[in-house]
Amino acid sequence: MHDRRRLIEDRITRVLTERIRPAVHRPVAPLQVEVRHVGGGQGEPVPPVEAIGASYEPGAVGQPWGPAWGTTWFHLTGAVPPAADDGPHEVVIDLGWSPHSPGFQAEGLAYRPDGSVVKGLNPMNGWIPVEPGTEVDLYVEAAANPLVLQPHPFLPTGLGEKATAGDRPLYRLARAEICVRDTQVWELAADLDVLDGLMRELPADDGWRAELLLGIERALDRLDLGDVSATASDARAELAALLARRGADTAHRVSAVGHAHIDSAWLWPVRETVRKVARTVANVTQLLDDHPGLIYAMSSAQQYEWLEKHRPEVFERLKQHVATGRFVPTGGMWVESDTNMVGGEAMARQFLLGQRYFREKFGVTCREVWLPDSFGYSAALPQIVRQAGCTHFLTQKISWNQQNVFPHHTFRWEGIDGTRVFTHFPPVDTYTAELTGRELAHAASNFRDKGATNRSLVPFGYGDGGGGPTREMLQRAARTADLAGSPRVTIESPAQFFAAAEADYPDAPVWVGELYLELHRGTYTSQARTKEGNRRCEHLLREAELWATTAAVRGLADYPADQLTRLWKVVLLQQFHDILPGSSIAWVHREAAENYAAVEAELEELITARLRLLAGSGDAEIAVNATPFDDDSLPSLGAGPVAPAGPAVVVERRNGGVLLTSEVLQVTLDGHGLVVSMVDLSSGRDVIPTGERANLLQLHQDFPNKWDAWDLDEFYRNTVRDLDDVADLQVDVRDDGAAVVTVTRGFGGSSAIQTMTLRPGARQLDCAVDVDWHERETVLKVALPIDVHATDAAYETQFGHLRRPTHTNTSWDAARFEVCAHRFVHVAEPGFGVAVANSATYGHEVTRHEASRGGTFSTVRLSLLRAPRFPDPETDQGRHHRRYALVVAPEVTDAVRAGYRINLPHRRLTGAPIEPLLQVSGGGAVIEAVKLAEDGSGDVIVRLYEPAGARTRVTLEPTFPVREVTQVDLLEDPMEPDGLEAADGSITLRLRPFQLATLRLRR
Ligand SMILES: [Zn+2]
């Protein structure tokens, strides 16, 4: 037979697109349109009851509307004709959409005159059901969200901020009329869509493919293109035999989970996400009503809380479906957060607040972590998620790797402490599947664990900006449940999938360590103010809880539980995977900065007030130590007299440079203000390699191929400009005996003032830089060469650290040329090591270099600032302050201490010393959080971890009467004791390497 594939395939495409799909909705009656514009570009949405009750002006189809970010209300009225034989009546709306990218452009929500919600509207879902013989009276709240990413992606645009978005109408009302949805035409479109989609994925020489081709051709022959409606059922009759062909027992099993990925902010502000959630859930609940087979999973307690507050009647609809098990809360987190940069305690709170919400509202504890889109997954997560009640983990983001293909889709993931969690990456490689033939075939062929298991999960539904599943996707699911040549699709919950997957594959392979995303490496640095606000607020929350708990236990003040929860929620929301990573529009980051400032102010006030109560009156100066380490004779978690300063640092000018000498360090700066030597006097070791210069600022051109705010592409390293010109160099000795060197440098339109401070007795050089940053598409790094020959470096993550090689032996190592660390990086040889601690930096790299005297040295570089121009064209312009320290740290524990210390500076006040609420002796464990229990019982919760990767045994001594000690998980639920030995008032804990332990102390 001649090969007629191309001819027939093109015929299918054209007939389906130009004749069948347009015939689905047959107009039967017009609608009258009235319109009300709210505020325009500078206006903000108003409550529906207010908008519905306002006056409207005459409008019409074709009229322009919507300056960017404005809201326009359309009032639609008309009479629905009597029932039709061929299908139900629907209002069809087109707000002026481009036929793609639902959730990235204009959207609508339809209301009844009483303000209750009907459903959401987007380019793929523009219909509203109406009853025959009734009057239409609908209000549509149309949001003029601009298309920020398309058509030419990644060009700088002012659309991401109200003030620069312009006031030109972006849209034109294109359609608003009453139609009949022709059932046979609609079903024919689905039949053809599924069979055609399947056919094109089969091998060219496959017999079933050829049968499909000829069968579809026969169906098209039965269709009268002049009267599709009358002949659709004839065409369907031809296709019925093809659709009835059963699938093979060996076919790949797809667990399809209805879903809408809704970014809590991204190319839209948080306030728009509140409305996005309402639109999506309104659609989903209606779909659940109409289609009993649908199961839908939604993550992020924050999004449920928004809905509960803003659209309570939609929340009630959601709640009814949760009760039947078809609307499935999943993920267990407050938001789908970043997991690289989020601090340990904050990561715990993402789950604590998330799970608490799901329990309170629905009586549900989520067992599956749902993070399809976050930019890599920290090696600390397995332990955290297991302690938060979760048993399974899902993402697909690692499929975005630039270099290496991850070897598994189903595996057990082992974290830094050895905890394992059963993990699945959907091989469909998307979290916004539409269940097309192409996607299903890709899931099956791409699945890397085939042979051992034959089952994968496919999240389906429009997403990023919401939308969710459509009835057309459900048509595809129904037809592929058991169809020859196709994977077998079953709509199921994540829990059903994981139970089957784990039973199928109990000995799934193990992957150890982080799930590093070989992409989006710029997100550790972009939007520096957001990073700084996060780090600062995480530590202020620690201080506030510690002192509020101490004051509450001593009966000095009530515990401000509600206030702390409210502030935590702000910080947790802003850890969302496009906010903390710096990949949102300007509007989002402006608001984030404002929110952090408000949280900081409130926490500072709370901390000051509690410390005042604890210190009492008296005029002795005391220093407060909120770190978990005794320090300068100050007790950890307490306050004591200010220690007298040691002998002042001696300053000498030498060879155009400066020599600083304390009792422990001797630091030499050259005439460029760069550190050329830093001798640790006790060991005699010079931290700086011979001939190298440390604390050197460096600029690189930074213009990635795409995803500007996200990506730092490897070729950025090819060119570098050292900033070693000195405009001014000053040396001062402060009253406390510290020597301070200040170096001013100018470059381009920018300037940097670097300070280096050597304090008496301190085994570290404190560095700060004030940058007035006006560069574009440039990354600013600071280089610290360290005379240590190290195969790997330790990078702090949540509740511990992980080691990454300093070499590039394999493509996996080479791809990690920019990585995330929290408060420190540590490089060491046995007996000697150096830490670089920081107060707000996450992007790091450690490279190895041949040393002039043999061996290698290690260069630690911190990424201080970037200046990408998409999606925020003004990213990081202006003033920034960054602090870091070069610390002699023989052991990793010394690095841990330095990291806490730089983020929790001692506070000074007057009064009496504050006795710590509890003391830890025996060393080796770190207290991460002290708080009162979430349940309001007044129990004290203490969270500790082992930070060095060693086994340890510590004793806790509370300074208040304790009736009972129990070990609890992160949800503060009792658990089998795992290391706790409590007897006669003494509390002993045996901890494994990096073990996290939480104790509940009943007073
Ligand atoms: Zn996302």
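Keep in mind the model is a prediction, meaning the values are calculated, not measured. (Residues numbered from 1 in each chain as written. Predicted model: local features only at pLDDT ≥ 70, side-chain atom pairs only at ≥ 80, totals over all residues. Heavy atoms only, no water.)

Caption draft 1: Looking closely at helix H3 (residues 183-201). Given a rise of 1.5 Å per residue, 19 residues ought to cover 27 Å, and the 28 Å separating the end C-alpha atoms of H3 matches this to within 8%. With 15 of 19 residues buried, H3 is to be regarded as a mostly interior element. The residue sitting at the N-terminus of H3 and contributing the capping side-chain oxygen is aspartate 182; that oxygen lies 3.2 Å from the backbone nitrogen of glutamine 184. (Helix = DSSP H or I, 4+ residues; strand = E, 2+ residues; numbered from the N terminus. Expected span 1.5 Å × (residues − 1). Buried < 20%, exposed > 50% of the residue type's maximum accessible area, 1.4 Å probe, protein only. Polar contact = N/O pair within 3.5 Å; in protein donor to acceptor, adjacent residues only side chain to side chain.)

Caption draft 2: Representation of the environment of proline 635 within the structure. Locating proline 635 in the fold gives a position in the loop between strand S23 (621-625) and strand S24 (638-641). Of the residues examined, proline 635 reaches a relative accessible area of 21% and is grouped as partly exposed. Each C-alpha atom, one on proline 635 and one on arginine 420, is 36 Å from the other, the two residues being 215 residues apart in sequence. Those residues in contact with proline 635 that sit more than four places away from it in its chain are Asn625, Asp630 and Pro916. (Contact = heavy atoms within 4.5 Å.)

Caption draft 3: The arrangement of the coordination of the zinc ion in detail. Coordination of the zinc ion by the protein is provided by His261 (NE2), Asp263 (OD), Asp373 (OD) and His577 (NE2), with metal-donor distances spanning 1.9 to 2.1 Å. For the zinc ion, the four donor atoms are set out with angles of 88 to 161 degrees between them, so the coordination reads as irregular. Read in sequence order, the donor residues for the zinc ion give the motif H-x1-D-x109-D-x203-H. Taken together, the residues span a long stretch of sequence, with histidine 261 in the loop between strand S13 (253-259) and helix H6 (270-290) and aspartate 373 in the loop between strand S16 (368-370) and helix H10 (381-387) at a distance of 112 residues. Aspartate 373 shares its class with histidine 261; the two are buried. (Donors = N, O, S within 2.8 Å, 3.2 Å for Na, K, Ca; no water. Tetrahedral: all angles 85-135°; square planar, octahedral: opposite > 155°, others 65-115°.)

Caption draft 4: Region of the structure containing the pattern of salt bridges. Here the structure, examined in full by the defined rule, presents 78 salt bridges. In this structure, lysine 397 and aspartate 373 form a salt bridge, with 2.6 Å as the shortest nitrogen-oxygen distance. Here lysine 397, found in the loop between strand S17 (392-394) and strand S18 (410-414), pairs with aspartate 373, found in the loop between S16 and H10; they are 24 residues apart in sequence, far enough to count as distant. Aspartate 373 matches lysine 397 in its accessibility class, with the two residues each being buried. (Salt bridge = Lys/Arg side-chain N within 4 Å of Asp/Glu carboxyl O.)

Caption draft 5: Spatial organisation of the environment of leucine 121. Within the fold, leucine 121 resides in strand S8 (residues 117-121). Taking the C-alpha atoms as reference, leucine 121 lies 24 Å from alanine 83; in sequence the two are 38 residues apart. Here leucine 121 is in contact with Ile93, Trp97, Glu107, Gly108, Gly126, Trp127, Ile128 and Val140, once residues within four sequence places are set aside.

Caption draft 6: Molecular detail of the sheet that holds S23. Ordered in space as S24-S23-S45, the three strands form an open sheet in which the pairing is antiparallel. Strands at the two margins of the open sheet, each flanked by one partner only, are S24 and strand S45 (907-910). Along the sheet, successive strands turn relative to each other by an average axial angle of 35 degrees, direction set aside. Contacts from helix H14 (residues 528-553) reach S23, S24 and S45 within the one sheet, and its direction differs from that of S45 by about 35 degrees. Docked against the sheet, helix H16 (residues 586-615) engages S23 and S45, running at close to 45 degrees with respect to S45. (Pairing = 2+ DSSP bridges. Axes fitted to C-alpha atoms, helices over the stretch in contact; angles between N-to-C directions.)

Caption draft 7: Up close: the side chain of threonine 627. As for its placement among the helices and strands, threonine 627 is situated in the loop between S23 and S24. When its relative accessible area of 2% is taken as the criterion, threonine 627 is described as buried. Within polar-contact distance, the side chain of threonine 627 engages the side chain of asparagine 625 at 2.7 Å. Only 3.0 Å separates the side chain of threonine 627 from the backbone oxygen of phenylalanine 629, close enough to count as a polar contact. If we skip the residues at most four places from it in the chain, threonine 627 touches Arg542, Ser636, Leu637, Tyr900, Arg901 and Leu904.

Caption draft 8: Structural view of the pairing of strand S52 (residues 986-991). Inspection of the sheet shows strand S49 (residues 952-958) paired to S52 by five bridges, in the antiparallel sense. Within S52, the position partnered with arginine 953 by the bridge is arginine 990. Two elements, strand S51 (residues 980-983) and S52, share four bridges in a ladder whose sense is antiparallel. The residue of S52 that forms the bridge with leucine 980 is leucine 989.

Caption draft 9: Summary view of empty space enclosed by the protein. Considering all chains together, one arrives at seven cavities of 30 Å³ or more under this definition. As a volume, the largest cavity reaches approximately 230 Å³. Sorting the residues of the lining of the largest cavity by element identifies helix H9 (344-362), H14, strand S37 (792-797) and strand S47 (926-932) as the ones contributing at least two each. It is H14 that provides the largest number of residues to the lining of the largest cavity, a total of six residues. Along the lines of polarity and charge, the residues of the lining of the largest cavity split into ten nonpolar, six polar and nine charged. (1 Å grid on protein atoms, 1.4 Å probe; cavity = no way out; pocket = protein on both sides within 12 Å on 5 of 7 lines; lining within 4 Å. Points joined across faces, edges and corners; volume = space filled by probe spheres on them. Nonpolar A, V, L, I, M, F, W, Y, C, P; charged D, E, K, R; others polar.)

Caption draft 10: Structural detail: the packing of H3 against helix H5 (residues 228-243). Closest axis-to-axis distance for the H3/H5 pair is 9 Å, and the angle between their directions is 40 degrees. The chirality of how H3 crosses H5 is left-handed. Here H3 contributes Gln184, Val185, Glu187, Leu188, Asp191, Leu192 and Leu195 to the contact with H5, which in turn contributes Val228, Ser229, Ala232, Ser233, Ala235, Arg236, Leu239, Leu242 and Leu243. (Left-handed = near helix turned anticlockwise from the far one by under 90°.)

Caption draft 11: Structural detail: the pairing of strand S48 (residues 940-945). Counted residue by residue, S48 has six buried out of six residues, so it is predominantly covered. Alternating residues of S48 divide into Val940, Val942 and Leu944 and Ile941, Arg943 and Tyr945, and every residue in both groups is buried. Here S47 runs beside S48; their pairing, made up of six bridges, is antiparallel. The residue bridging leucine 932 from the neighbouring strand is valine 940, located in S48. As defined by bridge partners, S48 adjoins strand S53 (residues 996-1002) across six bridges and the pair is classed as antiparallel. From the neighbouring strand, leucine 944 faces S53, where its bridge partner is alanine 997.

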